[in-house]
Amino acid sequence: MTASLPAIAFAGIGLMGLPMTRRLLAAGYPLRVWNRSPNKCAPLLEQGARLAQTPKQLCEGAEVVLLCLANTAVVREVVFGPGGIAEGARPGQLLVDMSSLEPAATREMAAELERRCGMRWVDAPVSGGTAGAETGSLAIMAGGRVADVERVRPILAHLGQRLTRMGEVGAGQVTKACNQMIVACNALVIAEVVALAERAGVDAGLIAQALAGGFADSKPLQILAPQMAASQFEPVRWHVRTLLKDLDTAVRLSHESGSATPLSGLAAQLMRLHGSRGNLEHDPATLVELYRAGPA
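Computed from a prediction, not measured in an experiment: that's the story for all the values here. (Residues numbered from 1 in each chain as written. Predicted model: local features only at pLDDT ≥ 70, side-chain atom pairs only at ≥ 80, totals over all residues. Heavy atoms only, no water.)

So, about the overall build of the chain. Looking only at helices and strands, the chain features 13 helices and 9 strands. In terms of C-alpha radius of gyration, the chain reaches 20 Å, essentially the compact-globule figure of 19 Å for 296 residues. Counting over 296 residues, the chain shows a buried share of 50%. Within the chain, residue pairs in contact and separated by at least 24 positions form 67% of the contacts whose partners lie at least 6 positions apart. For the chain, the accessible area works out to roughly 13,300 Å², and carbon and sulfur atoms hold 57% of it. Where the 28 positive side-chain charges of the chain centre and where its 26 negative ones centre are 4 Å apart. (Helix = DSSP H or I, 4+ residues; strand = E, 2+ residues; numbered from the N terminus. Rg over C-alpha atoms; globule rule 2.2 N^0.38 Å. Buried < 20%, exposed > 50% of the residue type's maximum accessible area, 1.4 Å probe, protein only. Contact = heavy atoms within 4.5 Å. Areas by Shrake-Rupley, 256 points an atom, 1.4 Å probe, with all protein chains shown as cover. Lys, Arg positive; Asp, Glu negative; His and termini not counted. Charge placed at Lys NZ, Arg CZ, Asp CG, Glu CD.)

Per the UniProt record, "domain: 3-hydroxyisobutyrate dehydrogenase-like NAD-binding" (unreviewed entry) is found at residues 170-291. The distance from the first to the last C-alpha atom of residues 170-291 is 36 Å, and the span holds 70% helix and 0% strand. (UniProt positions renumbered as here; feature names shortened; annotations may be inferred.)

What follows concerns the nonpolar core. Counting residues in hydrophobic clusters, the biggest one holds 34 residues, and the most contacted among them are Phe 10, Met 20, Met 98 and Leu 156. Elements that contribute at least two residues to this core include exactly strand S1 (8-11), helix H1 (17-26), strand S2 (31-34), strand S4 (64-67), strand S5 (94-97), strand S8 (138-143) and helix H7 (146-156). With 4 residues, the top contributor of residues to this core is H7. What Met 98 contacts, discounting residues up to four positions off in sequence, is Met 20, Leu 66, Leu 67, Ala 124, Pro 125, Val 126, Ile 140, Leu 156 and Leu 159. Counting residues in each nonpolar core, the second largest holds 29 residues, with Ala 197, Leu 221, Leu 244 and Ala 267 among its members. (Core = buried A, V, L, I, M, F, W, Y, C linked by side-chain atoms within 4.5 Å.)

A few words on the pattern of salt bridges. Across all of its chains, the model carries 13 salt bridges by this definition. The salt bridge partner of Glu 114 is Arg 145, with a shortest N-O separation of 3.0 Å. With a gap of 31 residues between them, Glu 114 in helix H5 (residues 103-117) and Arg 145 in the loop between S8 and H7 connect regions that are remote in the sequence. For Arg 145, a relative accessible area of 37% translates into the label partly exposed. Between Glu 289 and Arg 292 there is a salt bridge, with the nearest N and O atoms lying 2.7 Å from each other. Of this pair, Glu 289 and Arg 292 are both found in helix H13 (residues 288-292), 3 residues apart, which corresponds to roughly one turn of the helix. Assessed through its relative accessible area of 34%, Glu 289 is described here as partly exposed. When salt bridges with common partners are traced through the structure, they connect Glu 112, Arg 115 and Arg 116 into a single cluster. (Salt bridge = Lys/Arg side-chain N within 4 Å of Asp/Glu carboxyl O.)

Below is the structure:
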């Protein structure tokens, strides 16, 4: 069966990339991996993956190259920098970017990559966190040509429970920005709720259970409220800096589109304040500390 599966490559073996690549290997895909810190690839090499020395080498024999990287600048460097993907890519190959980037930059890079070497781009950011990456239950929102999205659908089916094509290149990133607006605002109000319950003499550890199934229920509530109430901030499953980056993207997009996003703008300010107190690399469950600390 393995011989019939397309060879794929993956750049970015972080909190999300590691469980996703493990699932691809378990599904039998021939896989070549690259990470800026090669030691993070070690568990995958034990599973049968091959190590690329440069992003350029990811293109050797691969039909599809997937990225899961920190931000727009990192993606640009990995694709177009020295020894980058653009140096090894060829027509017929697909780049699938699962990072969360600025939509305009995504469209610009996609056009540049196709112009330079014929490789086409699908933006396919995800939602569901590390738990979704581990269980293959991510929600994937894609932008790209219909044929390109359909071509990678069988691969992405091992990573997500749902893949929705939202439009042309960049549409996936717009949708991810919308997703992060909801998640970040939700996380902040959950922190407010937990801190308020504590100050008012209510057992905040029961909030998620009490509200389960009601209109206020959500996955963030069920995950974050118990962690916040128990001050359980480890292990870090996602980062404050990621939410802040995506909120900044959303606010920038709203300005470009002439759309009003006052709640997300305030959320970005609060997230930036929390990050400035040394929390950028911490889990968003730490947002409760912003409210326990009282006025800034």
